[in-house]
Amino acid sequence: MHIGFSIENMKKRIKLYLNTTGIYGLLCVIRAKMTHNTAFFKMNRQDCRSSFQLRLPSSDVPTYQQVFIDKEYNFLAKTPPKVIVDAGANIGLTSIYFANKYPEAKIIAIEPEQSNFELLKVNTAPYPNITLVQAALWSHKEEINLIDPGLGKWGFMTEMKLAPERIQGNVCHTVAAVTINMLMKKYNLSKIDILKIDIEGAEKEVFSDTSSWIDKVNAIIIELHESMKEGCNRSFYCGSSGFDKEWRQGDTIYLSKENYLSRQPPL
């Protein structure tokens, strides 16, 4: 049974790489596996004004599929968003998607992990409307630990330095924590039109007290991680009052005020 599962899993991975990067990408993965290296694969898309890079093999590929093929961030906006915050920006794929869809929007991309941030800088360099912040979104200002629980480049978690008993994985490095209020003050934001959050469980802390900023957000796009940190779901829903519309696309939950966002009709 274990062998069958492994073969089936291998077939799924081969299909994923073929569907996203083509035969050349698959060959790059095979070569990288054989040499125990990571390959950098350049992606060119007609709907993106500049190319960007993916690491092969890595979780960059399923992230690319989620953003550009499954289109989990595709929606209709009542008016073009002026401010988008991308918390958990990883290597920048969602920020790039938004920058091409809404070229006039100011996009603030937040990513705590060093290797992801380095590629984020490369990928977003052609987009002057994307501002990068190497930090972790959190409930208050402090220095926290960046944890690798072994889930790949999209699975880094954050935890307080004073809570070593809660760390499940290796500490990669420390990182500055920032709050929504800090971002709004630093970048002189009166409103956030779209707050996208994919931060591997830290939504529990972020939504623990939203009283000072939740009224200033028009829409939230979030992936919850209850399986990674118990209490995420309850914290999010308790801290996200005032939104009158909700739906799900894939693993992503949408909340919107006054029909600011609506579901994109299927093609």
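Residues numbered from 1 in each chain as written. Predicted model: local features only at pLDDT ≥ 70, side-chain atom pairs only at ≥ 80, totals over all residues. Heavy atoms only, no water.

Attention shifts here to the sheet that holds strand β11 (residues 192-197). Through backbone hydrogen bonds, the strands of a sheet pair up, either in parallel or in antiparallel fashion. One open sheet holds the seven strands; their spatial order is β6-β5-β4-β11-β12-β14-β13, and the pairing between them is mixed. The outermost strands of the open sheet, each flanked by one partner alone, are β6 (130-133) and β13 (245-249). Here the strands of the sheet are splayed against their neighbours by 15° on average, with no regard to which way each runs. Strand direction decides the pairing type here: strand β12 (residues 217-222) and strand β14 (residues 252-256), joined by four bridges, are antiparallel. Along β14, the bridge assignment pairs Ile-221 with Tyr-254. Strands β4 (83-87), β5 (106-110), β6, β11 and β12 of the sheet are contacted by helix α3 (residues 93-101), whose axis makes an angle of about 175° with β5. (Pairing = 2+ DSSP bridges. Helix = DSSP H or I, 4+ residues; strand = E, 2+ residues; numbered from the N terminus. Axes fitted to C-alpha atoms, helices over the stretch in contact; angles between N-to-C directions. Contact = heavy atoms within 4.5 Å.)

Taken together, the four strands give an open sheet; going across it, the order is β7-β10-β8-β9, and neighbouring strands pair in mixed fashion. Whereas interior strands pair on both sides, the edge strands pair on one side only; in this sheet they are β7 (136-137) and β9 (157-160). Pairing of β7 with strand β10 (residues 170-178) involves two bridges; the strand directions are parallel. If you follow Ala-136 over to β10, its bridge partner there is Ala-177.

In this fold, Thr-179 is placed in the loop between β10 and α5 (180-186). A distance of 3.0 Å separates a polar atom in the side chain of Thr-179 from the backbone nitrogen of Met-182. Not counting the four nearest positions on each side in its chain, Thr-179 is found in contact with Leu-137, Trp-138, Ser-139, His-140 and Lys-141. (Polar contact = N/O pair within 3.5 Å; in protein donor to acceptor, adjacent residues only side chain to side chain.)

None of the figures reported here should be taken as evidence of function without further support.
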